[in-house]
Structures are given as C-alpha cells and as structure tokens.
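Examining the three-dimensional arrangement
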Amino acid sequence: MTYEATPLAVGIFLFMVLGVLWLSYWLGRRAKSATGYFAAHGEIHWFINGVAFAGDYLSAASFLGICGMIAFYGYDGFLYSIGFLAGWVVALFVIAEPIKRMGKFTFADAMDAKFNSRGIKLSVAISTLVVSIFYLIPQMVGAGALVKPLLGLDYRLGVTLVGVVVILIVVMAGMVSTTWVQFIKGSLLVLFCAMLTIAILARGFKTAYAVDPVTGQATPLADVEAIPDGYTIEHRNTGSLGPIDYLKTFGDSVVVTETLNPDYLADAEDSSRTIVKLRNGTDLLMPGSSPTFRGVRSELLSDKLDFISLMLALFAGTASLPHILIRYYTVRDAAAARKSTVVGIGSIGFFYILTLYLGLGAMTAGTLDPTDSNMAAPLLARSFGELPFAIISAIAFTTVLGTVSGLILAASGAVAHDIMENVLHIKLKDHAKVGAARWAAVVVGVLAIVLGILFSSLNVGFLVGWAFNIAASANLPALVMLLFWKRTTRQGVIAAVTVGMLASLGWILLSAQAYKQVYGLDPADSIIPFSQPALVTVPLGFVVLVVVSLLTPRRAERPESEWHTA
Amino acid sequence: MEGADNIELLPTAKISVVIHQRLSTTLTHRFMSEEASMSQSSPSAGSLARSRNARIGLLLFALYLVIYGTYVGLAAFRPDLMETRVMGLHLSVAYGFGLIAAAMLLAVIYLFLCRPEPVATEDRA
C-alpha cells in the first residue's frame, strides 16, 4: 500500500518534534548535576510522574502493536493489554517502595544497597543494558515503519531521525526532559484515544442481516455457518452504540469486515480494491484466534505452555524493566512513589480498555492495510478524516520518542554510574559523570539506530515479548528474594541475574520463532519446545539464587543508613 | 545550586506537601524529628508503618494473583467457559475488563490503607 504525506501531517509532526526539542533545551539549562541528569533532582510531582509512567510504558508496541493485533485477529491482542497491566500490580504492591528506598540513580544501586559488591553492580548493569537494547529494537522498528507513511520518508531515514531526536532530548536534560516528554506524550495518547473511541462508538459498525426472501424481514445474523436457506444477506450499519452494547452487538453478530485485496490490480476492470469478509463475532472475542496464541485451542499441553509462559513474562516483566524502575528515583519519597504508581495504573488501565475498541473499530472500519498490522490505528484515524490521522501519527511518533528516551537514559546510567564509577572505580566529578552519561547515551542511541535498521523485518510486538522475558528472568528472582529472604547472599544475586539473563537469551535465540524470523530456518528444527522462556527461566533464577545463597556464607547486611553511600 | 533547582518543584507539589504535613498528627510529627537522628534498625513509627504497608501490599498482591491465575487457567484449559455470557458480554471480554478494573480498584484501596511513613534518613530540603 502506498501512502502520501500531506502538508497537514508534516506540519503537525514538525510542530511536535520542535516543541519537544525546545522543551528539552529549556529544561536542560537547569539539569547540570548528576542528581538532575539521572533522577530529575528527585523532585518531580507524583501526579506528573504517574502520567510519565504511562508515557514510558505505552510504547509503540502497546499502541500500534496491540491495536494492530486486535484489528487482525480479534481478542488475542487484548491478552497483551491484560498482561501488560497486570505487571503493574507487582510493581505497586511489591517493588515500588523498597526500590525507592534502596536506590539512588539506577536499578543496580537498589540491588546492591545491602551488599556494596562490584559483582552485583556489574551483572545488574549488564542485564540493564541487554534488556534496554532488546526493548529499543522494536521501538526503532516501529518508528521507521511510522515515518514512512506519515512523511513519505525512507525507512532508514525515519529510524535515524528518531534516533537523533531522542539523543538530543536525553543529552540536553536527562531525566528532567525525558519525564516531561513522557508526561506530554502519555496525556496526549490517552486523551486522543478516548476521543477516537467515542467516535468509533458513535459510528457503530456494519453487521450482516439475514433477509427473509418472502416477507423481506431482516434479522441480525449470529453465525456465518447458519445462514438459512434462501435468505439473502444484507449489510447494515448499527448506528451509534454504548460501550457495553458495542461489544455485545459485536459478539452477537456476523461482522462484515473489509480488507484490501492483496491481488488488487489497478489496471484490471474486474479487480476489486477491497474484499468483504464475514466473520463470527463470538469467535473473534475468544482467545486463540491468532497464530501467536493458536496453541490455546490445541489439545496438547505443550502448545498451551507458550501462552501460559508469555502471560507469566508479562506479569513478572513490567516490574523488572530498567526504564520503569529508574522513574521511582524522580520522586521525593516512598509515599510519592506509591501515589505515582497508582496514577500510572489508572491511566494505563484506562488506555488498555480503549485498545479493545480501537482494535475492533479498526477491524470494521474498512481501512486496514493487510500488509502492515502496525498501521491499523493510524489508518482507523484516517477513516475519520485527515486531521485525526495527522494527529494520531504525530502522537504515535512521540510515543516512540518517549519510550526510547527512557530506555537510553536507563542504559546510559548503567554505563556511567554503575560500570564506570562503581565497578571500574573511575573517580568522576559530578559534571564529568554527567558528561560520561551523555556520551554513553550517544553511543547507545547510535547502536539503537543501527539495530533498528538491521531488524527492520521483525514484528514489533513479538520483540517486546522477548524483552519482557529477559527482564523477568534476569531481574525478578533476585529482586524478590532480596526483599523477602534474609539469607540471600551476594553470590546468590550475581548467579541468579547472570543465569536468568543467559538462559532466557539462549532460549530465545534457539526458539522456533527465532529460527523462522531471524535466521530464516525451518522452525521445526528448533530444539526448544516452546518459544517463550519465562515459564522455565524465571523459576530457574529462583532455584539458582536459593542454591548459591545456601552454599555461600552469610554476610552482615549494611544498615539502611549506609545504603546510599558508595 | 540546590536553591535554583527548587524552581522545578511545581506549586501543586508544595501545596500537597503542606497538606500532607497538616494531616499527619503531631505525634507522627514528633517522631519525624526524632527519627532523623535515630538508626533505622530500631523499631520506630516509620518502620512500623512501613512493614504494615508492605503486609497490606502482599495481601492485595496475592488476591490479584489468584484472579489473574484463574483467568490464565480458564483461557488455557477451559476455553469453552469463555463463551458464557455475563450480562450480555462474553466471559472473555468481561473477565478481561474485570482484571483491568480490579487492578485499578486494588491500587486505590492500597493507597487508602497505607499509613504515611515519616522520611527519616533522607534529607532533601
């Protein structure tokens, strides 16, 4: 499908980008110290921070990926919404407050608070880098895919443009500008999606009616298989529906979807641009309708494990994502960390409820591009006019900017604060440390651009699932045991982080999905029974930690008053 | 330097800090000043409130884990039940919305049940 850039879209896009850069420059004049760069002086208001959580978290995968998946396959995309939000429950009830008390700038700070060990700092810093980079790739791929239709730019140019803008945001003002960019993006995304949902409900959708050939009476059709003999099918619009009625009617109907004809020929007279398909509403609202989750409907237990494992990874992964964890250092105290998480859960949960409407709306709007599920949400907006399309595309672009800047900041903190200063013991003055972090941000940003170009063909949602698996396997066992098991030792933490990271990474690289999508090999040759490692590697991390801790001598814990000293 | 940095603190933030302090009783207030000089390891109002909050958090977490686990189990092993209608909605949709609503509800409950813990060792003023 070809897209044309409109002056309106380009204008709104440029306005957003320049606005964000100006804001970063303006804020950057004040963020000269390390506390300012890494933690925004710990003085961000909890409400701002809460919305910034949403900005951090609602990445291109959440917005474009989930909407696209629902639009293509129905309910299965919504499984990601459910799992992504469930992870926040772990973050709020278990992780948030201790993380805030134990750390100063980075995740490694918190993990190491009780021990003061270079080994812990190094292993956690490396896991932070690995997770950040795995999470960066899909964001960059998403950005490239977006810029193409929006601005008519080449994919590579799009990825480079995103990379450069993000590097500028992070380098200019670190956590201060990153937080404000995420706040703006988070609120714009949620508000505009709410408006789009209202428009979807007001429009209703087309369902199939069975018309009696004799009386001419039309009754809504509930099943494609059950069209009565002799009846004709008519497609009618339902008119506006309430939020509950919309889903009820959808489930009770045979839904008329229009997809673009992949064999469409512009020259041929009889070639039609779209194909009308009838689909059972009930079937589209059941798990297992997509290739990713087909295993749920299988009789074999091993096929179901993939689904269970992914649901576990999403649940356990959120609270282990480095760019989410560092956001706890931007607020004043544990109570503010708690309050901002609740604000985050509220806005993120509200957004995820909207995704079901956006996805089903995109499915039935007749504007899907069958070659690109990531474009479902912007194209849905286009069905309401050029202005919504331009706005939603620009918001989608800032979505990428917000998440990528958070990730690059987390990675630059791991390099400058954890590895350079705390592991290698390079003594840096405050402003030199900020300088080192800025250089690290540039390097990670350039790396992200290169990887984004290399992995252009990979599915965005699929890559994010991997990042969650690695985060959950490497970080969660150590984090949880550190908080709840007093016998945890330094060696236990190092072993759990290292083994969890390597095991999940190895599992992913040997999985059937990687065989097919990365190496182009026959997926049947893979030696791994299912693709999502969390179900095995998260418990493995716990076992390794317990065994190693019991084998190593107990050490006196540092009292809390010394936690924040190096 | 630090003084200039305070400009970033929003006016609303300052107001909420004031309200927060007014709401906490004078008793906790006294503990706050005492605790600043006290070691964290001895039991104080701060660590009591903290462990109480942590217990509530774990309880709510366990509750949510049961709801979430039931959902994953249903989807994986009893997909036929997902077609049941709850107030006209399919169970799959109703349960999904329910999970999101439950997370929000439990989060707000947690916020109300938590006691303010005095900030002891941190000094950012």
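First, a word on what this report is: a plain description of the structure on this page. Remember, predicted model here, so these are calculated numbers, not experimental data.

1. Concerning the overall build of chain A
Counting its secondary structure elements, chain A contains 20 helices and 5 strands. Expected size for 566 residues packed as a compact globule is a radius of gyration near 24 Å; at 25 Å, chain A falls within 12% of this value. Across its three principal axes, chain A shows a C-alpha extent of roughly 90 × 55 × 45 Å. Within chain A, the proportion of its 566 residues that are buried is 63%.

2. A closer look at the overall build of chain B
A tally of regular secondary structure across chain B gives 5 helices and 2 strands. When its helices and strands are written in sequence order, chain B yields α-α-α-α-β-β-α. A burial count over chain B gives 36% of its 125 residues as buried. Expressed as a percentage of contacts within chain B between residues at least 6 apart in sequence, the contacts between residues at least 24 apart total 62%. Put simply, chain B shows about 7200 Å² of open surface, and 70% of that area lies on carbon and sulfur atoms.

3. Things to note about the interface of chain A and chain B
Tallying the contact residues gives 57 residues for chain A and 52 residues for chain B. Approximately 5100 Å² of surface area, both sides summed, lies buried where chain A meets chain B, with 70% of it carried by carbon and sulfur atoms. Here chain A and chain B share 1 salt bridge between them. Note that B:Arg85 and A:Asp252 form a salt bridge whose closest N and O atoms lie 2.6 Å from each other.

4. Comments concerning the pattern of salt bridges
All names here are of chain A. The full count for this structure, using the stated rule, is 7 salt bridges over all chains. Ionic pairing is found between Asp56 and Arg327, a salt bridge with its closest N-O pair at 2.9 Å. Of the two residues, Asp56 sits in helix α3 (residues 46-57) while Arg327 sits in the loop between α12 (322-325) and α13 (334-364), which places them 271 residues apart along the sequence. Neither residue differs from the other here; Asp56 and Arg327 are each classed as buried. Between Asp112 and Lys121 there is a salt bridge, with the nearest N and O atoms lying 2.9 Å from each other. On the basis of relative accessible area, Asp112 is assigned to the buried category, the value being 2%.

5. What to know about a nonpolar patch on the surface
Taken together, the side chains of A:Leu509, A:Val518, A:Tyr519 and A:Leu521 make up a nonpolar region of the molecular surface, amounting to roughly 330 Å² of accessible area. Within the fold, A:Tyr519 resides in helix α19 (residues 512-519).

6. What about helix α15 (residues 386-423) of chain A?
Counting along an α-helix, one turn takes 3.6 residues, and residues three or four places apart therefore face a common direction. Residue and element names in this part refer to chain A. Here α15 contains 38 residues, and its C-alpha end-to-end distance of 53 Å stays within 8% of the 56 Å for a straight helix at 1.5 Å per residue. Helix geometry: α15 is bent most strongly at Ala414, by close to 25°. Within α15, 33 of the 38 residues are buried, which leaves the element mostly enclosed by the surrounding structure. Once α15 finishes, His425 follows within two positions and takes phi at roughly 55°, a positive value.

7. Some words on the nonpolar core
Core analysis: the largest hydrophobic core is formed by 208 residues, its most contacted members being A:Met111, A:Phe307, A:Tyr352, B:Tyr64 and B:Tyr71. If one sorts the elements of this core by residue count, helix α8 (residues 155-203) of chain A sits on top with 20 residues. Setting aside chain neighbours within four positions, we find B:Tyr71 in contact with A:Tyr75, A:Leu79, A:Ile82, A:Met311, B:Met82, B:Ser92, B:Tyr95, B:Gly96 and B:Leu99. If you look at the next biggest cluster of nonpolar residues, it comprises 7 residues, including A:Ala316, A:Leu476, A:Val480 and A:Val538.

The rules behind these values
Residues numbered from 1 in each chain as written. Chains lettered and ligands numbered in written order. Predicted model: local features only at pLDDT ≥ 70, side-chain atom pairs only at ≥ 80, totals over all residues. Heavy atoms only, no water. Helix = DSSP H or I, 4+ residues; strand = E, 2+ residues; numbered from the N terminus. Rg over C-alpha atoms; globule rule 2.2 N^0.38 Å. Buried < 20%, exposed > 50% of the residue type's maximum accessible area, 1.4 Å probe, protein only. Contact = heavy atoms within 4.5 Å. Areas by Shrake-Rupley, 256 points an atom, 1.4 Å probe, with all protein chains shown as cover. Buried area = accessible area lost by both parts, 1.4 Å probe. Salt bridge = Lys/Arg side-chain N within 4 Å of Asp/Glu carboxyl O. Patch = residues over 30% accessible without salt bridge, like charges linked within 9 Å, V, L, I, M, F, W, Y side chains within 5 Å. Expected span 1.5 Å × (residues − 1). Bend = angle between axes of the 7 residues up to and from the residue. Core = buried A, V, L, I, M, F, W, Y, C linked by side-chain atoms within 4.5 Å.

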